[in-house]
Amino acid sequence: MKILITGGAGYIGSHTTIEIIQNTDWEVISIDNYSNSSQGTYDRIQNITGKSIKYYNLDLKDLQATEQVFKENTDIQGIIHFAAFKAVGESVENPLMYYDNNINSLNNILKCQAKFDIPNLIFSSSCSVYGNIDQLPVTENSQLAKAESPYAYTKQIGEIMVDDFIKVNPNLKAISLRYFNPVGAHVSGLNGELSTTTPNNLVPFITQTAIGKLDCLTVFGDDYNTKDGTCIRDYIHVSDIANAHVLALQYLLNNPPHQRHEIINLGTGVGVSVLETINAFEKVSGVKLNYTIGERRAGDVAAIYANNEKAKKILNWTSKISLDNMMLSAWKWEQFLAKN
Ligand code: WQD
């Protein structure tokens, strides 16, 4: 069986490709335009799995080029759509780039899913769809608050596009997976997140400060109404996220699902503060991190973490990797990058 992964050269896409190769007999093909990744990722996938995959370098906003992939691969049974821009701050500064890329790419994927009758779709959504929500942990039925950024809004719109599309295509099915905060790197230390620019996210900022690429980490505020004043997030290892994609595809393939479009949280269910994350990193790395407490960052919510009961119930999925091992894997990857 053939699976098309869009964004297969990216952070979560490459880890999911590795998980599929190592746990199923499915064939993976990838589409990626390297806007936030590099072709070298495919070499790292081959290095880890011993398998090379067929890949296409094209922009999903080009419908004709995208359709050509489906014409050449008539046996695709599932699509995992990762490809999207995902930097919250950048989306505030450049909203149209996010609306153009994230919405039109998804729209073209849905057009191809209908035109080529591809039965199964997994859509990469995000906890940012919840906005500034106060009843925690959040469940999939929680009322979504206003999106705090254009990036988050593209994920809210994306879920609605999938929902409306599936309603009028009764033979097609989809799952939208809401990732909380994906962090960490492959256990081999040979694949991880490649920040093409100065990282926005906490964990790459921690590891780059620890390795000396950046000189100091700023904690964005310690005056929130939380256990230690810093923001709470639900950090989840990227390989746990990847494993959930295999289970979600198997669920779509093996069951007439309860709903033809399921929405599922992917989080550990545990809220962790910024300071707790820093302390875990210092403990496992043995590195004393240079950080200061600074001002709050616009757009940050004080706390968000998942109720993950639905993923346990219908996917039989649980997160397995601890915060310490998330930090250790991220540190090993940063050290690998420094040597190569
Ligand atoms: C985490 C916490 C910061 C950097 C975003 C998206 C989400 C997902 C993950 C795609 C916050 C604090 C950070 C720093 C800090 N992306 N921080 N100093 O904003 O929770 O989520 O990325 O799927 O959809 O919204 O992640 O890692 O940027 O921040 O104190 O230098 O770390 O204030 O509290 P965020 P983050």
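These remarks concern the structure in this document. (Residues numbered from 1 in each chain as written. Predicted model: local features only at pLDDT ≥ 70, side-chain atom pairs only at ≥ 80, totals over all residues. Heavy atoms only, no water.)

## Observations regarding the packing of aromatic side chains
We count it as follows: Aromatic contacts are taken between Phe, Tyr and Trp rings whose centres are within 6.5 Å, Trp giving its six-membered ring; a plane angle under 30 degrees counts as stacked, one over 60 as edge-to-face, and the others as tilted. We call a residue buried when its accessible area falls under 20% of the maximum for its residue type, exposed when it is over 50%, and partly exposed in between, using a 1.4 Å probe and counting protein chains only. We count a stretch as a helix when DSSP gives it H or I for four or more residues in a row; a strand needs E for two or more, and each element gets its number in order from the N terminus. Comment: the charge-over-ring label is applied if NZ (Lys) or CZ (Arg) is within 6 Å of the ring centre and within 35 degrees of the ring normal.
Applying the stated criterion across every chain, the model contains eight aromatic pairs. Summarising the aromatic geometry, the rings of Y34 and Y42 are spaced 6.4 Å apart at their centres and angled 70° between planes, so their arrangement reads as edge-to-face. Note on Y34: relative accessible area 18%, which makes it buried. Since its relative accessible area comes to 5%, Y42 is described here as buried. Each ring, one from Y99 and one from Y153, has its centre 6.3 Å from the other, and the planes form 90°; the classification is edge-to-face. With Y99 in helix α5 (residues 95-115) and Y153 in helix α6 (residues 150-167), this pair connects stretches of sequence that are 54 residues apart. The exposure class of Y99 is partly exposed, given its relative accessible area of 27%. The structure contains a cluster of three or more aromatic residues connected by ring pairs, namely Y34, Y42 and Y55. In this arrangement the basic side chain of R296 is found over the ring face of Y224, its NZ or CZ atom lying 4.0 Å from the centre.

## Structural notes on unusual backbone geometry
At the junction of L136 and P137, the peptide bond is cis and its omega measures out at -5° in the coordinates. Relative to the helices and strands, P137 resides in the loop between β5 (120-126) and α6. Not every positive phi belongs to a glycine, and Y34 is a case in point at roughly 60°. Considering the arrangement of structural elements, one finds Y34 in the loop between β2 (27-31) and α2 (40-49). Residue D117 is not a glycine yet carries a positive backbone phi of 55°. With respect to the secondary-structure elements, D117 resides in the loop between α5 and β5. For D117, a relative accessible area of 46% translates into the label partly exposed.

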